[in-house]
Amino acid sequence: MTPEEELKRANDAKTILEHPLYKEAHEKLRIDLVNELLNSPVRDTDAREKLYLMIKMLDSVHAQIKSIMETGKLIKK
């Protein structure tokens, strides 16, 4: 990928991360998942494990977009 393409991807990633709808959706989904996990029965290990994995996946998607943005910052330097 060319430096110009990397910079475009970085700018796109920044736009996504800073967009109010993305921020709202990410925050609400994470809060809802954590609340479901905290309020789930201790004996329901399958549901708790799925909720935990969903939270981790949500965080991974966010981290991947952030990584693309950070790569572009490095290229600018």
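Asks: Please clarify how the overall build of the protein should be interpreted in this entry.
Replies: Helix and strand content of the protein: three helices and zero strands. Each helix and strand of the protein, ordered N terminal to C terminal, gives the series α-α-α. In terms of C-alpha radius of gyration, the protein reaches 16 Å, well past the compact-globule figure of 11 Å for 77 residues. Oriented by its inertia axes, the alpha-carbon framework of the protein measures out at about 50 × 25 × 15 Å. Relative to its full complement of 77 residues, the protein shows a buried share of 21%. At a minimum sequence separation of 6, the contacts of the protein that also span at least 24 residues come to 69%. For the protein, the computed accessible surface area is about 6100 Å², with 59% contributed by carbon and sulfur atoms. Between the mean site of the 14 positive side-chain charges and the mean site of the 14 negative ones, the protein shows a separation of 4 Å.

Asks: Explanation requested: the side chain of Glu6 in the structure shown.
Replies: Locating Glu6 in the fold gives a position in helix 1 (residues 3–18). Among buried charged residues, Glu6 stands out as having no salt bridge; its nearest opposite-charge side chain is Arg9, 4.2 Å away. Not counting chain neighbours up to four residues away, the residues in contact with Glu6 comprise Met1, Thr71, Gly72 and Ile75.

Asks: Sorry, what's going on with the confidence of the model for the protein here?
Replies: Detailed reading of predicted coordinates is not advised where the pLDDT is low. This prediction gives the protein a mean pLDDT of 94; 99% of its residues lie at or above 70. Confidence scores differ between elements of the protein, with helix 3 (residues 45–76) showing the lowest mean pLDDT of 93 and helix 2 (residues 20–39) the highest of 98.

Asks: Before we go on, may I ask you to explain the packing of helix 2 against helix 3 in this structure?
Replies: Relative orientation of the contacting elements helix 2 and helix 3 amounts to 155°, with a least axis distance of 9 Å. With respect to their mutual orientation, helix 2 and helix 3 come out roughly antiparallel. For the element pair helix 2 and helix 3, the recorded crossing hand is left-handed. Residues Tyr22, His26, Leu29, Arg30, Leu33, Val34, Glu36 and Leu37 of helix 2 form the contact with helix 3, whose own contacting residues are Arg48, Leu51, Met54, Ile55, Leu58, Asp59, His62 and Ile65.

Asks: Got a minute to help me understand the environment of Met69 in this structure?
Replies: With respect to the helices and strands, Met69 occurs in helix 3. Taking relative accessible area as the criterion, Met69 reaches 11% and is therefore assigned buried. Each C-alpha atom of the pair Met69 and Tyr22 lies 15 Å from the other, and the pair is 47 residues apart in sequence.

Parameters at a glance
- Residues numbered from 1 in each chain as written.
- Predicted model: local features only at pLDDT ≥ 70, side-chain atom pairs only at ≥ 80, totals over all residues.
- Heavy atoms only, no water.
- Helix = DSSP H or I, 4+ residues; strand = E, 2+ residues; numbered from the N terminus.
- Rg over C-alpha atoms; globule rule 2.2 N^0.38 Å.
- Buried < 20%, exposed > 50% of the residue type's maximum accessible area, 1.4 Å probe, protein only.
- Contact = heavy atoms within 4.5 Å.
- Areas by Shrake-Rupley, 256 points an atom, 1.4 Å probe, with all protein chains shown as cover.
- Lys, Arg positive; Asp, Glu negative; His and termini not counted.
- Charge placed at Lys NZ, Arg CZ, Asp CG, Glu CD.
- Salt bridge = Lys/Arg side-chain N within 4 Å of Asp/Glu carboxyl O.
- pLDDT = per-residue confidence, 0-100.
- Axes fitted to C-alpha atoms, helices over the stretch in contact; angles between N-to-C directions.
- Parallel < 35°, antiparallel > 145°, perpendicular 65-115°, else oblique.
- Left-handed = near helix turned anticlockwise from the far one by under 90°.

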